[in-house]
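# Structural overview
Letter by letter, the chains look like this.
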Amino acid sequence: MAHIHRTAAAPIAPSQITPERVWLTRRRLMGGALTAALAGLAPGAVSATAEPSGAKLAYTPNSRYSVRERPNSFEDITTYNNFYEFGLQKDSASENAGSLRTRPWSVAVGGEAEVRGTFNLEDLLREQPLEERIYRLRCVEAWSMVIPWVGFPLARLLARFKPTSRARYVAFTTLYSPAQMPGQRVKVLDWPYVEGLRIDEAMHPLTLMVVGLYGRVLPNQDGAPLRLVVPWKYGFKSIKSIVRIDFTATQPRNSWNIAAPDEYGFYANVNPRVDHPRWSQASERRIGAPLFAARQPTLPFNGYAAEVADLYRGMDLRRYF
Ligand SMILES: Nc1nc2c(c(=O)[nH]1)N[C@H]1C(S)=C(S)[C@@H](COP(=O)(O)O)O[C@H]1N2
Ligand SMILES: [Mo]
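Calculation criteria
Residues numbered from 1 in each chain as written. Chains lettered and ligands numbered in written order. Predicted model: local features only at pLDDT ≥ 70, side-chain atom pairs only at ≥ 80, totals over all residues. Heavy atoms only, no water. Helix = DSSP H or I, 4+ residues; strand = E, 2+ residues; numbered from the N terminus. Buried < 20%, exposed > 50% of the residue type's maximum accessible area, 1.4 Å probe, protein only. Contact = heavy atoms within 4.5 Å. Areas by Shrake-Rupley, 256 points an atom, 1.4 Å probe, with all protein chains shown as cover. Pairing = 2+ DSSP bridges. Axes fitted to C-alpha atoms, helices over the stretch in contact; angles between N-to-C directions. Near = heavy atom within 4 Å. Polar contact = N/O pair within 3.5 Å; in protein donor to acceptor, adjacent residues only side chain to side chain. Nonpolar A, V, L, I, M, F, W, Y, C, P; charged D, E, K, R; others polar. Salt bridge = Lys/Arg side-chain N within 4 Å of Asp/Glu carboxyl O. Patch = residues over 30% accessible without salt bridge, like charges linked within 9 Å, V, L, I, M, F, W, Y side chains within 5 Å. Core = buried A, V, L, I, M, F, W, Y, C linked by side-chain atoms within 4.5 Å.

Here we take up the overall build of the protein. On a plain count of helices and strands, the protein comes out with 9 helices and 13 strands. The buried share of the protein, reckoned over its 321 residues, is 54%. For the protein, the proportion of contacts with a sequence separation of at least 24, taken over those separated by at least 6, is 72%. When the accessible area of the protein is evaluated, it comes to approximately 14700 Å², of which 55% is carbon and sulfur surface.

Here it is, written out as C-alpha cells:
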C-alpha cells in the first residue's frame, strides 16, 4: 500500500497522556493480548500495537473516494476510540473489547423489504468485493482522524434485500450483550446503541459498510465485525458491531439524540457553522498531530460537500442539525 505514508512527525505518544508507570504496565499486558491473538485464541481482538495486525483482507484501493491526507497510525486508530459498550475512556475499548465474540455473527434484516430474515455475515460478505477507502472521520467532540477503511458500499448490501417503496429510512442496531460488552451494565445510553439514515443517505455511494482497517480484519474496538461509516456526518452516526438492519417508513431513533436531543440531532452532518451547545464546531484537533500544532478548520460536510450537499437542498441545516 504505497499510497499510505507512515507517520514521520512524532505523534502524541500515549505515554505523554498517561502516567509512565501505568503506560508501561499496560504495554506489557498488551503484549500478552497480542500473543493470545496470534495463537488464535482471540480472533480479531485488541491488537493495540504500533503495527497493523489481524488477518489480511483482499481488496482494491478506491482512489476516487479517498482523501489525499496522511492516514493516522494504526495505533491511534485502535487505541483512541469511542465505543461506550466497553467504557467511557478513549482507551477503554482497546483494553476491554477482547471479550466481544465476532464469529459466528449474524445480521437480522426486517421491515419494509421483500427479502427479510437472519443472515450469516460470512454469507453476506462472500457477495461483496472489498475496497479500501481513506476517509476523514470527524467526531462531534471536535477531533478528527484519517482512516484507511476496508469495506463495501452499503447501497450494494441494501439492494439485495429489495426495499419496498415505503422504505424511507434505514435503522441499525448494535449487539446487546452485557456479558460481552461490560459498558452495557451501566446505563450511560439506552442500550442497545441504535442509529439511522434516510434511505437516500444510506444509498449514497460514499456510505460504507466496514469490515477492515489498514488492510486487515477490523479490530474489535473499531466495531468488528461490521460497522457503518458515513464520512460527512459526525462519528456517532457510524454505528459499530451491527446485528440488525430495518427498513422503516418513519424516521428511526438514534442513541445520542435520545440521550441529549438538544445536543445531537438525527442528521448530524458535519457543520462548522452550527456549534454544539457546549463548544464550537468551527475547528478540530487532528489526533496524532504534535500538541503545539494549530487546530484545523472544520469543513462543511467534513469536506464531502461536493458529493453530498445536494441531498439536503432546501433544508434548514440549523433546524435539522
Ligand atoms: N455501538 C457504538 N457505535 C459507535 C459508538 C459507540 O459508543 N457505540 N461511538 C461512535 C462515535 S461517537 C464515534 S466518534 C465513532 C468512533 O469510531 P472509531 O473508534 O473506530 O474511531 O464510533 C461511533 N459508533
Ligand atoms: Mo464521536
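Further notes follow.
Turning our attention to the sheet that holds strand S11 (residues 242-248). Within a sheet, each strand pairs with its neighbour through backbone hydrogen bonds, oriented either parallel or antiparallel. Strand order in this open sheet of 5 strands is S3-S2-S11-S6-S7, and the pairing throughout is mixed. In this open sheet, the two strands that pair with only one neighbour each are strand S3 (117-120) and strand S7 (194-198). Averaged over all neighbouring strand pairs, the angle between strand axes comes to 20°, with direction disregarded.

With that settled, the discussion passes to the site of ligand 1. Near ligand 1, the surroundings consist of 16 residues, among which Tyr84, Glu85, Asp222, Arg227 and Lys240 are the closest. Between ligand 1 and Ser238 there is a distance of 2.9 Å, counted from a nitrogen atom to a backbone nitrogen or oxygen. In the complex, 98% of the free accessible area of ligand 1, which totals 540 Å², lies under the protein chains. Taken together, the residues of the shell around ligand 1 break down into 7 nonpolar, 5 polar and 4 charged.

We now examine the pattern of salt bridges. With the rule as written, the count across this model stands at 15 salt bridges. Its salt-bridge partner being Asp190, residue Lys187 comes within 3.3 Å of it at the nearest N-O pair. We classify Asp190 as partly exposed; its relative accessible area is 43%. Three or more residues joined by partner-sharing salt bridges are found here, namely Glu69, Arg136 and Arg286.

We now examine unusual backbone geometry. With omega at -10°, the peptide bond leading from Arg103 into Pro104 counts as cis. Here Pro104 lies in the loop between helix H4 (92-96) and strand S2 (106-111). Cis geometry is found at the peptide bond from Trp191 to Pro192, where omega equals -5°. Of note, Pro192 is situated in the loop between strand S6 (169-174) and S7. Even without glycine at this site, Ser241 takes up a positive phi of about 45°. Structurally, Ser241 is set in the loop between strand S10 (227-229) and S11. One non-glycine residue, Ala268, adopts positive backbone phi at about 55°.

Another aspect to go through is the pairing of strand S5 (residues 143-153). When a strand is regular, its side chains alternate between the sheet's two faces. Taken across its 11 residues, S5 has 11 buried, putting it largely inside the fold. As paired strands, strand S4 (residues 131-138) and S5 are joined by 8 bridges and run antiparallel to one another. Within the sheet, the bridge partner assigned to Leu137 lies in S5 and is Met145. Hairpin connection, S4 to S5: the antiparallel pair is bridged by 4 residues, and Ala142 has positive phi, about 75°. In the sheet, S5 pairs with strand S12 (residues 283-286) via 2 bridges, with the strands oriented parallel.

Among the surface-exposed residues, Leu88, Val186 and Val188 lie close enough to one another that they form a single nonpolar patch of about 240 Å² accessible area. Topologically, Val186 is positioned in the loop between S6 and S7.

The next point concerns the nonpolar core. Nonpolar side chains in soluble globular proteins generally cluster together in the buried interior. Counting residues in each nonpolar core, the largest one holds 80 residues, and the members touching the most others are Trp149, Leu154, Phe172, Leu228, Ile245 and Phe247. When residues of this core are assigned to their parent elements, the largest contribution, 7 residues, is made by S5. Dropping the residues within four chain positions of it, Trp149 is found in contact with Glu131, Glu132, Arg133, Tyr135, Leu137, Leu208, Val210, Gly212, Leu213, Leu218, Arg227 and Val229.

Of note, Thr298 is situated in the loop between strand S13 (296-297) and helix H9 (305-308). Thr298 sits 26 residues away from Pro272 along the chain, and the two C-alpha atoms are 5.6 Å apart. Once residues within four sequence positions are removed from consideration, Thr298 is found in contact with Arg138, Val270, Pro272, Gln281, Ala282, Ser283 and Glu284. Looking at Thr298, its side chain comes within polar contact range of the main-chain oxygen of Gln281, at 3.4 Å.

All right, on to the environment of Thr60 then. Within the secondary structure layout, Thr60 lies in strand S1 (residues 60-61). A relative accessible area of 52% means that Thr60 is categorised as exposed. With residues up to four places along the chain from it excluded, the contact list for Thr60 reads Leu130, Glu131 and Glu132.

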